[in-house]
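Architecture and fold: a report
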Amino acid sequence: MAGPFYFAWIPAPVAYDSAIHAVEDEAIISLSVTQSEGDFAGLQIEVINPFYGLLAATRHQWCWLSWHDGSAYHPLFCGRLVAFPESIDGEVVRLLFSAKPPGFDAVKAAYAEGLKVLPFYDPVWITGDVENPDTVLNAYGARWHIDRASLAVTHSDELEGEDGIVSIGEADHLYSDFSASYSNPPLSRIDIEGALTWTQGGRGTIDLTWNIYDIFLFQKSIYTHPKAGVISSLTGEGLMSDWPKPGTSIDGGWTVNAATGAFEANKSFKRYNYHVEYRQVNVDPEDPERATTNLAYYYFGAEGDYQVDFPVSAIQQFTLFDWQADRARAETIRCSVYADIQPLLAEPGLDENVGKINISAADTVTDPGFGPMPIGDVRRMSYLNTDRGNLSVQYLMLLARTELRRRARAVEISCRVPWALGITATLRKSAHIVDYRLPGGEAHGKIVGYTFSAAGTGEIVVDLTIGCSIGHDGTVSAAAGTGTYVDPGYVMDGYQQMTGAEIATPTGDIVYQALDTFPVDDDGTNLLTLDERSAVVSLTLSGGMDTQTQVVEAVSDPIDALRQYPSRVCVTLVPVAGQSFNTVYTPAVQPMPIPRWIDLEAPAPGMARAA
């Protein structure tokens with residue numbers, strides 16, 4: 001037939017040109033173009049049997065199908081032959097074509113790379129094949145879309161079409177070819193539990209040389225050179241021999257640094273003796289108890305005057321400790337996202353009406369394999385309450401949003417419309433339909449499927465399927481919170497903690513409680529700022545110069561007494577390894593608004609609502 005349908009064989013997908021492609025390379029008996037959400041469009045065409053092998057290597061296997069409305073050409077379909085003959089009925093054969101772009105997998109993968117944007121895509125939670133492009137759409141609430149004519153690969157939202165609305169008036173669809181039905185029941189809420197485990201790490205060195213110098217100085221060390229760190233003791237040899245040895249491991253993740261040591265200071269430090277004079281009773285070795293039992297002997301018996309010079313050791317010390325953290329961390333977020341939907345369910349709280357998202361991931365926040373390390377610094381004590389962690393929280397919220405919106409599309413409307421109107425439909429468009437049989441007399445929804453049909457009898461029609469969500473519309477907004485330090489506006493955002501603050505996802509329809517007010521399970525050790533002050537639990541000196549000199553001055557046997565008061569330094573360091581911590585966040589989430597594309601609570605036009 002001389003139009004209005006034209007079929008042209010082409011060697012490969014090219015832009016439509018009516019001067020070239022408005023031809024009748026095959027005699028069309030009937031045709032049908034069908035596409036469902038997320039799939040390729042397909043063309044089924046019946047033609048007069050050409051009696052040759054259409055799949056031969058020398059033949060073109062792509063085609064253009066177009067339609068002429070009397071004044072203009074409309075390209076309808078571009079695809080490749082996938083089956084011939086699909087069937088043979090007398091002189092008629094059926095051919096099948098698919099609008100699958102050449103190199104589709106590579107094209108989709110390249111397009112998906114552009115969608116790998118936080119918070120809609122977060123490798124922190126993706127535990128499966130991170131290279132699978134289909135995982136990219138999980139938090140977008142969208143499906144893949146392949147244009148039936150241009151073969152362009154894009155994505156399209158499941159509730160709202162990006163490319164406009166097809167308006168279908170009451171006179172634009174056939175009364176008998178109309179139906180409204182329920183698809184899957186909606187979900188009332190999604191329960192989220194996301195668990196992350198990782199190892200808080202880091203390493204560093206603290207220098208206690210000057211801390212030790214200061215405590216000796218406080219106990220009247222005689223060397224006060226401000227940069228030398230030299231200490232003094234009357235029992236220096238023992239102190240130097242007991243000084244921590246380099247490489248020695250200490251509990252809690254500490255090791256003595258290689259530069260640690262205590263030795264005699266150089267000769268620029270003058271050496272001193274501490275002179276002590278004392279009187280001591282000479283005890284008869286034949287009668288040692290006499291001195292303690294006979295007071296007269298003690299006071300008037302044989303005595304001796306003695307003196308002793310105690311050498312004052314000048315000790316040059318360097319005291320450094322290395323730390324290497326190894327602390328098991330676990331963070332869990334638990335919350336529920338409720339859908340604000342019309343009451344289609346009698347018992348929305350039943351298990352079958354509640355969705356669940358349970359994800360566990362290990363060591364992903366410290367993995368730099370997909371760009372910058374998510375946690376930024378392995379010394380951090382928490383992740384989910386950081387700016388980057390907040391995006392990971394939003395990813396979980398967006399997963400819940402996707403499922404709630406998908407299941408809220410609980411009403412499906414099918415209708416048959418005139419060809420000229422119907423062929424403007426794509427799966428990137430919405431439709432608005434008017435019919436007095438609908439609650440409220442109208443419905444709006446995403447086009448989720450279509451079929452263009454034409455036969456030699458002259459009947460050409462388009463069947464559309466529309467998915468309608470049953471929400472209440474509405475909006476949500478995030479509270480700024482109250483500053484814990486100064487009034488809002490006095491300092492820049494982010495400078496102070498805000499009590500009662502909420503956060504909105506980029507989609508604007510999920511608002512949840514900020515995590516920074518939840519306590520983090522921790523022992524208070526901040527590895528980011530660990531230094532010679534915060535790392536030390538205690539640092540004490542017993543037997544310093546002050547104590548030693550007082551002892552030897554006050555006793556009758558200073559040499560023996562000094563043995564009881566050696567100089568000892570004792571340091572206790574905070575543990576940085578071997579601990580485990582588990583923080584649980586339970587943020588409140590505002591009910592999520594869902595578009596009201598059909599009002600199930602409204603009466604049909606002209607009918608009063610029941611009391």
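Keep in mind that this is a model prediction, so the values were computed, not measured.

Some remarks on the overall build of the protein
Looking only at helices and strands, the protein features ten helices and 33 strands. Looking at the protein residue by residue over its 611 residues, the buried ones come to 45%. Taking the intrachain contacts of the protein between residues at least 6 apart in sequence as the baseline, contacts between residues at least 24 apart amount to 74%. Within the structure as shown, the protein displays about 29600 Å² of accessible surface, and the carbon and sulfur contribution to it stands at 52%.

Examining the nonpolar core
Most often, soluble globular proteins have nonpolar side chains that are buried together. In terms of nonpolar packing, the biggest core is built from 55 residues, with Phe77, Phe97 and Trp419 touching the most fellow members. If you look at the next biggest cluster of nonpolar residues, it comprises 51 residues, including Trp125, Ala142, Ile333 and Met397.

Some details on the side chain of Gln317
By the secondary structure assignment, Gln317 is in strand 18 (residues 303–318). Among the polar contacts listed, one links the side chain of Gln317 to the backbone oxygen of Gly229, at a separation of 3.3 Å. At 2.7 Å, the side chain of Gln317 forms a polar contact with the side chain of Thr319. If we ignore the near neighbours within four places in the chain, the residues touching Gln317 are Thr209, Ile212, Tyr213, Gly229, Ile231, Trp243, Gly261 and Ala262.

What to know about the packing of aromatic side chains
Scanning all chains against the criterion turns up 17 aromatic pairs. Note on Trp9 and Phe97: the rings are 5.7 Å apart at their centroids and 50 degrees apart in plane angle, and the pair reads as tilted. On the criterion of sequence distance, the pair formed by Trp9 in strand 1 (residues 5–10) and Phe97 in strand 6 (residues 92–98) is long-range, its members being 88 residues apart. Per residue, the accessibility class of Trp9 equals that of Phe97, and both read buried. One cation-aromatic arrangement involves Arg59 over Trp9; the distance from NZ or CZ to the ring centre is 5.9 Å. Above the face of the Tyr175 ring, Arg437 is positioned so that its terminal group lies 3.9 Å from the ring centre.

Remarks on helix 9 (residues 545–554)
Turning to helix 9, its buried residues are Met545, Gln548, Thr549, Val551 and Val552. All buried residues of helix 9 lie within an arc of 160 degrees about the axis, which places them on one face of the element.

Notes on the pattern of salt bridges
Following the criterion strictly, the structure yields 29 salt bridges and no others. Arg329 is the partner of Asp522 in a salt bridge, and the nearest nitrogen-oxygen pair spans 2.4 Å. With Asp522 in the loop between strand 29 (511–513) and strand 30 (536–542) and Arg329 in strand 20 (residues 326–340), the pair connects residues that are 193 residues apart, well separated along the chain. On the accessibility criterion, Asp522 (22% relative accessible area) is partly exposed. The exposure class of Arg329 is buried, given its relative accessible area of 3%. Between Arg406 and Glu403 there is a salt bridge, with its nearest N and O atoms 3.4 Å apart. Highlighted residues: Arg406 and Glu403, both in helix 7 (residues 387–408), separated by three residues, approximately one helical turn.

Focus: the sheet that holds strand 14 (residues 249–250)
In space, the four strands of this open sheet follow the order 12-19-15-14, with antiparallel pairing throughout. Each edge of the sheet is formed by a strand with only one pairing partner; in this case those strands are strand 12 (203–207) and strand 14. Pairing between strand 15 (residues 254–256) and strand 19 (residues 320–324): three bridges, direction antiparallel. Looking at the pairing, Trp254 lines up with Trp323 of strand 19.

Regarding the environment of Val82
Take Val82: it is sitting in strand 5 (residues 73–89). Along the backbone, Val82 and Gly42 are 40 residues apart, and their C-alpha atoms lie at a distance of 9.8 Å. If we skip the residues at most four places from it in the chain, Val82 touches Leu96, Phe97 and Ser98.

Structural notes on the state of the cysteines
For the structure shown, the criterion picks out zero disulfides. Unpaired in terms of disulfides, Cys78 finds its nearest cysteine sulfur in Cys63, a separation of 6.7 Å.

Digging into helix 7
Between its first and last C-alpha atoms helix 7 spans 31 Å; for 22 residues at 1.5 Å apiece the expected length is 32 Å, and the two agree. With 18 of 22 residues buried, helix 7 lies mostly within the body of the structure.

Overview of the side chain of Arg405
Structurally, Arg405 can be placed in helix 7. Relative accessible area serves as the criterion here: at 3%, Arg405 is assigned to the buried category. Excluding its chain neighbours within four sequence positions, the residues that come into contact with Arg405 are Gly141, Asp157, Leu159, Glu160, Asp509, Met592 and Ile594.

Details of unusual backbone geometry
Each neighbour pair has its own omega, and for Leu118 with Pro119 the value is 0 degrees, a cis peptide bond. Relative to the elements of secondary structure, Pro119 occurs in the loop between helix 2 (104–113) and strand 7 (142–146). Positive phi values are uncommon outside glycine, yet Asp363 reaches one of about 65 degrees. Its place among the elements puts Asp363 in the loop between strand 21 (354–362) and helix 7.

Thoughts on the environment of Tyr278
With respect to the helices and strands, Tyr278 occurs in strand 17 (residues 272–281). Sequence spacing of Tyr278 and Glu553 is 275 residues, and the spatial spacing of their C-alpha atoms is 8.0 Å.

Details of the confidence of the model for the protein
Per-residue pLDDT for the protein has a mean of 89; in total, 89% of the residues score no lower than 70. Under a pLDDT of 50 for its full length, residues 294–302 has, in the predicted model, twelve contacts with residues more than four places off or in other chains.

Describing the environment of Asn184
Relative to the helices and strands, Asn184 is located in the loop between strand 10 (178–182) and strand 11 (189–200). Judged by relative accessible area, Asn184 falls into the exposed class, the value being 52%. In this structure the C-alpha to C-alpha distance between Asn184 and Arg406, which are 222 residues apart in sequence, comes to 9.5 Å. Every residue in contact with Asn184, bar those within four places of it in the chain, is listed here: Arg407 and Ala410.

What counts and how
Residues numbered from 1 in each chain as written. Predicted model: local features only at pLDDT ≥ 70, side-chain atom pairs only at ≥ 80, totals over all residues. Heavy atoms only, no water. Helix = DSSP H or I, 4+ residues; strand = E, 2+ residues; numbered from the N terminus. Buried < 20%, exposed > 50% of the residue type's maximum accessible area, 1.4 Å probe, protein only. Contact = heavy atoms within 4.5 Å. Areas by Shrake-Rupley, 256 points an atom, 1.4 Å probe, with all protein chains shown as cover. Core = buried A, V, L, I, M, F, W, Y, C linked by side-chain atoms within 4.5 Å. Polar contact = N/O pair within 3.5 Å; in protein donor to acceptor, adjacent residues only side chain to side chain. Phe/Tyr/Trp six-rings, centres within 6.5 Å; stacked < 30°, edge-to-face > 60°. Lys NZ or Arg CZ within 6 Å of the ring centre and 35° of its normal. Arc of directions from axis to C-beta. Salt bridge = Lys/Arg side-chain N within 4 Å of Asp/Glu carboxyl O. Pairing = 2+ DSSP bridges. Disulfide = S-S within 2.5 Å. Expected span 1.5 Å × (residues − 1). pLDDT = per-residue confidence, 0-100.

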